[in-house]
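# Structure assessment
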Amino acid sequence: MGASLGDDDDTTPRELVHFITQQTRFSLLNDILAHPQQLPSMYELEELNPSVSDATVYKHIQKLINAGIVKEVALDDDQRRQDYPWKFYGLTDEGRKFLKAHNLLAAEETLQQIYDTISDKPEKMVKYENAPRPD
């Protein structure tokens, strides 16, 4: 299915909700919402989903990007730092509106509180959380 928020797609809102709430994709969206800046790197998403292969995380993020729910944002070349991530993933404005309209943002604050309680993060993840993000 080519689920998309685009106007030229015949995907119904119900089909898009079903697409978004597939277990892995919904987990990734929750991870984005829970992240302190709501812009995790691919490494952070992979660490937060240890039962899923890195390739699967990447594949589902790409599907969410293609659907117009998630966007990839990157630091400008002059802002990039060695040993730090420079690509991040966050909700598009349209994606946020769609999730809100379908009552899928209700737990956003709770997700952030739960994320804040994670105490056994690898050192690299803490470093990546504190990495510069695009404006």
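Above this text is the structure in question.
All of these numbers come straight from a predicted model, not from anything done at the bench.

Turning next to helix α6 (residues 108-116). Residues of α6 that are buried include every one of Glu108, Leu111 and Tyr115, and no others. The arc that holds every buried residue of α6, seen down its axis, measures 60°, which confines them to one face. Across from the buried face of α6, at angles greater than 90 degrees, the exposed residues are Glu109 and Asp116. Turning to α6, the residues buried within the fold contact α2 (23-34), α3 (42-47), α5 (93-101) and α7 (123-129).

So, about the nonpolar core. In a soluble, globular protein the nonpolar side chains are often hidden away together inside. Among the nonpolar cores identified, the biggest contains 28 residues, and Ile20, Leu29, Ile69, Val70 and Leu91 are the most heavily contacted of them. For this core, the elements supplying multiple residues, two or more each, are α1 (13-20), α2, α3, α4 (54-66), β2 (87-91), α5, α6 and α7. Broken down by element, the residue count for this core peaks at five residues, all from α2. When residues no more than four places from it in sequence are discounted, the contact partners of valine 70 are Leu29, Ile32, Leu64, Ile65, Tyr89, Gly90, Leu91 and Thr92.

Another point: the pattern of salt bridges. Scanning the model with the defined rule gives five salt bridges in all. Notably, a salt bridge pairs arginine 80 with aspartate 77, separated by 3.2 Å at the nearest N-O pair. The exposure class assigned to aspartate 77 is exposed, which follows from its relative accessible area of 61%. Put simply, arginine 96 and glutamate 108 hold a salt bridge, and the shortest N to O gap is 3.1 Å. Separated by 12 residues along the polypeptide, arginine 96 in helix α5 and glutamate 108 in helix α6 bring together distant segments of the chain. Given a relative accessible area of 27%, arginine 96 falls into the partly exposed group.

The rules behind these values
Residues numbered from 1 in each chain as written. Predicted model: local features only at pLDDT ≥ 70, side-chain atom pairs only at ≥ 80, totals over all residues. Heavy atoms only, no water. Buried < 20%, exposed > 50% of the residue type's maximum accessible area, 1.4 Å probe, protein only. Helix = DSSP H or I, 4+ residues; strand = E, 2+ residues; numbered from the N terminus. Arc of directions from axis to C-beta. Contact = heavy atoms within 4.5 Å. Core = buried A, V, L, I, M, F, W, Y, C linked by side-chain atoms within 4.5 Å. Salt bridge = Lys/Arg side-chain N within 4 Å of Asp/Glu carboxyl O.

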